[in-house]
Amino acid sequence: MLFVLFLVAMITALVAPNTERLYASIAGKTDREYILDQFAGLGRMALRHGQAYVVSPPGPNGPEAEALSAARAAPLLHADAKTHVIDLPEGWTIELDRPLVVGANGVCFGATLTLRHEGTIEARLALEAPYCRVATHA
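Residues numbered from 1 in each chain as written. Predicted model: local features only at pLDDT ≥ 70, side-chain atom pairs only at ≥ 80, totals over all residues. Heavy atoms only, no water.

## Some points on the overall build of the chain
To keep it simple, the criterion reads: For the purposes of this entry, the term helix denotes a DSSP run of H or I that reaches at least four residues, the term strand denotes a run of E that reaches at least two, and both are numbered from the N terminus. The buried label goes to any residue with under 20% of its type's maximum accessible area, the exposed label to any with over 50%, and the partly exposed label to all in between, with areas taken from a 1.4 Å probe on protein chains only. Working rule for contacts: check all heavy atoms of both residues, and any pair within 4.5 Å makes them a contact.
If you tally the helices and strands in the chain, you get 3 helices and 7 strands. Its helices and strands in sequence order give the chain the pattern α-α-β-α-β-β-β-β-β-β, from N to C terminus. With 138 residues in all, the chain has 34% of them scored as buried. Counting only contacts in the chain whose residues sit at least 6 apart along the sequence, the fraction spanning at least 24 positions is 52%.

Structure, rendered in structure tokens:
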């Protein structure tokens, strides 16, 4: 009986860390997909509402302040662009090489997106015009 308990304890000790890593990996992928789905839906949202949007990463004054300053810097064609703040899960940050502008017709003007989870780069992606399709940066 003690031998069986010893074997069960050994197997549990070997499997438990892998299970924890698997859970963390799945949670990270789910969070990443949640963020990317928000970017992918910007064109549909803009088209549905007939409204141009501009997305800017959060700054020291808060995401709304950064997006507002990005909206002011948007091309004249989209001077009426509304700010849009991406909802980020805890521990995640985004960086854009420039404000991402999506026209009222659903056309995305493209940007390079860097996703970070707790300071570590998880992905560097190109949001390609005209549909903000995600492409891995080479």
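## Description of the sheet that holds strand β2 (residues 82–84)
Using the following cut-off: Between any two strands, pairing holds if DSSP finds at least two bridges. For helices, the fitted axis covers only the stretch in contact; all axes are lines through C-alpha atoms, and the angles between them, taken along N-to-C directions, range from 0 to 180 degrees.
Here we have 3 strands laid out as an open sheet, ordered β2-β1-β4, and mixed in their pairing. Only two strands of the sheet have a single neighbouring strand rather than two, namely β2 and β4 (100–102). The mean inter-strand angle of the sheet, taken between neighbouring strand axes irrespective of direction, is 30°. Examined bridge by bridge, strand β1 (residues 53–55) and β2 share 3 bridges and lie parallel to one another. If you follow V55 over to β2, its bridge partner there is H84.

## Comments concerning the state of the cysteines
Joining two cysteines, a disulfide is a covalent bond between their sulfur atoms. We apply this condition: Note on terminology: pairs of cysteine sulfur atoms within 2.5 Å are recorded as disulfides.
With the rule as written, the count across this model stands at 1 disulfide. Between the sulfur of C108 and that of C132 lies a disulfide, 1.9 Å long from S to S. Its S-S torsion of about 70° marks the bond between C108 and C132 as right-handed, since a negative value means left-handed. Residue C108 is found in the loop between β4 and β5 (111–117), and its partner C132 is found in the loop between β6 (120–128) and β7 (133–136); the two are separated by 24 residues along the sequence. Using a relative accessible area of 1% as the deciding quantity, one classes C108 as buried.

## Quick look at the pairing of β5
Most of β5 is tucked away, with 5 of its 7 residues classed as buried. The sheet contact formed by strand β3 (residues 92–96) and β5 spans 5 bridges and is antiparallel. By the bridge assignment, E95 is partnered in β5 with T114. Counting the residues that bridge the hairpin from β5 to β6 gives 2 residues, and of these E118 lies at a positive phi of roughly 50°.

## Observations regarding a nonpolar patch on the surface
For the record, the criterion: Patch criteria: residues need more than 30% relative accessible area and no salt bridge. Like-charged residues are merged within 9 Å; nonpolar side chains of Val, Leu, Ile, Met, Phe, Trp and Tyr are merged within 5 Å. Every accessible area reported is derived by Shrake-Rupley at a probe size of 1.4 Å, with residue values counting cover from the shown protein chains alone. A pairing counts as a salt bridge when a side-chain nitrogen of Lys or Arg comes within 4 Å of a carboxyl oxygen of Asp or Glu.
Nonpolar side chains collect at one region of the surface, where F3, V4, F6, L7, V8 and M10 lie side by side and expose about 580 Å² of accessible area between them. With respect to the helices, strands and loops of the structure, V8 is situated in helix α1 (residues 2–40). The exposure class of V8 is partly exposed, given its relative accessible area of 47%.

## Examining the side chain of T114
Defined as follows: Polar contacts, as used here, are pairs of N or O atoms within 3.5 Å; protein pairs need one atom able to donate a hydrogen and one able to accept it. Residues neighboring in sequence count only if both atoms are side-chain atoms.
When you line up the elements, T114 lands in strand β5. Only 3.4 Å separates the side chain of T114 from the side chain of R124, close enough to count as a polar contact. Setting aside chain neighbours within four positions, we find T114 in contact with T93, I94, E95, I121, A123 and R124.

This is a description of form; function is not addressed.
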